[in-house]
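Below are the chains, spelled out letter by letter.
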Amino acid sequence: MTVSVTIRDVPDATRDELAARAARAGQSLQEYLRAQLVELARRPSPDALWDRVQHRVLATGSRLPADGIVEMRDADRR
């Protein structure tokens, strides 16, 4: 089942920018916003993502410091 959503008090400049992005994508504003909302809902929230990271660290016991990660990244690029 689908529902309608109304968003009030959107600044004109914001609406204009979103309409321009929709036009560049060959979509109506409604189609564009629907696609953006669906994509946003698919991504985990920052809190949910952080919970997953913490769980993975606890489960694996990984304690690699940030400078170690950067060092390995840079070594891989050489």
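Residues numbered from 1 in each chain as written. Predicted model: local features only at pLDDT ≥ 70, side-chain atom pairs only at ≥ 80, totals over all residues. Heavy atoms only, no water.

Where an unreviewed UniProt entry is consulted, the chain appears under the name Antitoxin FitA-like ribbon-helix-helix domain-containing protein, with the organism given as Blastococcus haudaquaticus.

1. Section: the overall build of the chain
In terms of regular secondary structure, the chain is built from four helices and zero strands. Its helices and strands taken in sequence order, the chain reads α-α-α-α from the N to the C terminus. Taken over the C-alpha trace, the chain has a radius of gyration of 20 Å; the compact-globule value for 78 residues is 12 Å, which it surpasses by more than 25%. Taken over the C-alpha atoms alone, the chain extends approximately 45 × 35 × 25 Å along its principal axes. Counting across all 78 residues of the chain, residues that qualify as buried make up 5%. (Helix = DSSP H or I, 4+ residues; strand = E, 2+ residues; numbered from the N terminus. Rg over C-alpha atoms; globule rule 2.2 N^0.38 Å. Buried < 20%, exposed > 50% of the residue type's maximum accessible area, 1.4 Å probe, protein only.)

2. Some words on the packing of helix α1 (residues 12–24) against helix α2 (residues 29–42)
Where α1 meets α2, the closest approach of the two axes is 8 Å, and the angle between their N-to-C directions is 95 degrees. In terms of orientation, α1 lies roughly perpendicular with respect to α2. Contacts from Arg15, Leu18, Ala19, Arg21 and Ala22 of α1 reach α2 at Leu29, Tyr32 and Leu33. Residue classes in the contact of α1 with α2 are distributed as six nonpolar, no polar and two charged. (Axes fitted to C-alpha atoms, helices over the stretch in contact; angles between N-to-C directions. Parallel < 35°, antiparallel > 145°, perpendicular 65-115°, else oblique. Contact = heavy atoms within 4.5 Å. Nonpolar A, V, L, I, M, F, W, Y, C, P; charged D, E, K, R; others polar.)

3. Let's talk about unusual backbone geometry
Residue Asp9 is not a glycine yet carries a positive backbone phi of 60 degrees. Inspection of the secondary structure assignment puts Asp9 in the segment before α1.

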